[in-house]
Amino acid sequence: MDAILNPWPWYVTGPLLALVMFFLLYFGRTFGMSSNLKTLCSMGGAGKISEFFKFDWRSQRWNLMVVFGAIIGGFIAHFYLSNPIDINLNPTTVSDLENYGFENVGKSLLPAELYDWNRVLSLKGVTILLIGGLLVGFGTRYAGGCTSGHAITGLSSLQLPSLIAVIGFFIGGLIMIHLLFPLIF
């Protein structure tokens, strides 16, 4: 169980990820979660409304298994393989989060101040989810893929637009956490 409960080192996970990407590229497949939304919309008949969704969604069924695997894997990991240990955070990060009103910093990956149902279903929580969802949806479409698609498939196939997108993701994350996060919370 230690091999499952503890994080794997980079020299194991890196080659495994490279092997998966080799097989995906060899068989002409791409990896990315956002493309599954297009597939699901096409399956639901969105092609009758928009040309964008008119494509052979059956050719993308394999990628839906990745989504279902991620959901099932997350469920199993959370309920059966969780290792309840404190998260080793930098003391400055702990202090900053406490100043924002977070309690029990480092005790949970999902702080109650963000993920508690009372917070999520509040006006502020719903507003953040709606605006965030629209921005992520628009950004994913505008960038031609999601973070996993660009960072994993795009970079491994040496695509310059993916490198630019990944750099943009990091810059956007820094802007969010250092400029916008203090304003929201």
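Everything discussed here concerns the structure shown above.
Residues numbered from 1 in each chain as written. Predicted model: local features only at pLDDT ≥ 70, side-chain atom pairs only at ≥ 80, totals over all residues. Heavy atoms only, no water.

### What about the overall build of the protein?
Counting its secondary structure elements, the protein contains ten helices and zero strands. Along the protein, helices (α) and strands (β) appear in the sequence α-α-α-α-α-α-α-α-α-α when read from the amino end. Taking the principal axes of its C-alpha atoms as reference, the protein extends roughly 50 × 40 × 35 Å. A burial count over the protein gives 17% of its 185 residues as buried. Pairs at least 24 apart in sequence give 49% of the contacts found in the protein among residues at least 6 apart. Here the protein displays about 14,000 Å² of accessible surface, and carbon together with sulfur accounts for 70% of that area. Of the charged side chains in the protein, 10 are positive and 9 negative, and the gap between their average positions amounts to 20 Å. (Helix = DSSP H or I, 4+ residues; strand = E, 2+ residues; numbered from the N terminus. Buried < 20%, exposed > 50% of the residue type's maximum accessible area, 1.4 Å probe, protein only. Contact = heavy atoms within 4.5 Å. Areas by Shrake-Rupley, 256 points an atom, 1.4 Å probe, with all protein chains shown as cover. Lys, Arg positive; Asp, Glu negative; His and termini not counted. Charge placed at Lys NZ, Arg CZ, Asp CG, Glu CD.)

### Looking at the pattern of salt bridges
For the structure on display, the rule yields one salt bridge. Among the ionic pairs, E51 bridges to K54, the shortest N-O distance being 3.2 Å. Taken as a pair, E51 and K54 share a single burial class, namely exposed. (Salt bridge = Lys/Arg side-chain N within 4 Å of Asp/Glu carboxyl O.)

### Thoughts on the packing of aromatic side chains
Here the structure, examined in full by the defined rule, presents ten aromatic pairs. Here the aromatic rings of F22 and Y26 are separated by 6.0 Å at their centres, their planes lie at 25 degrees, and the arrangement is stacked. Taken as a pair, F22 and Y26 lie in helix α2 (residues 10–26) at a separation of four residues, close to a single helical turn. Given a relative accessible area of 48%, F22 falls into the partly exposed group. The structure contains a cluster of three or more aromatic residues connected by ring pairs, namely F22, F23, Y26 and F27. The ring of F52 carries K38 above its face, with NZ or CZ at 4.4 Å from the centroid. Against the face of F55 rests K38, its NZ or CZ located 4.8 Å from the ring centre. (Phe/Tyr/Trp six-rings, centres within 6.5 Å; stacked < 30°, edge-to-face > 60°. Lys NZ or Arg CZ within 6 Å of the ring centre and 35° of its normal.)

### Section: the side chain of T153
By secondary structure assignment, the location of T153 is in helix α9 (residues 147–156). Ignoring anything within four residues of it in the chain, the contact list for T153 reads M21, T30, F31 and S148.

### Side note on the side chain of E113
Here E113 lies in helix α6 (residues 112–115). No salt bridge is formed by the buried E113; the nearest opposite charge belongs to R119, separated by 5.8 Å. In terms of polar contacts, E113 uses its side chain to reach the backbone amide nitrogen of E103, at 2.8 Å. (Polar contact = N/O pair within 3.5 Å; in protein donor to acceptor, adjacent residues only side chain to side chain.)

### A word on the packing of helix α3 (residues 34–43) against helix α4 (residues 61–80)
Following both chains from N to C, one finds α3 and α4 inclined at 115 degrees, their axes separated by 10 Å at the closest point. When the axes of α3 and α4 are compared, the pair comes out roughly perpendicular. Once α3 is placed against α4, the crossing between them reads as left-handed. In this structure, α3 contributes S35, N36, T39, L40 and M43 to the contact, and α4 contributes N63, L64 and V67. A per-class count over the contact of α3 with α4 returns four nonpolar, four polar and no charged. (Axes fitted to C-alpha atoms, helices over the stretch in contact; angles between N-to-C directions. Parallel < 35°, antiparallel > 145°, perpendicular 65-115°, else oblique. Left-handed = near helix turned anticlockwise from the far one by under 90°. Nonpolar A, V, L, I, M, F, W, Y, C, P; charged D, E, K, R; others polar.)

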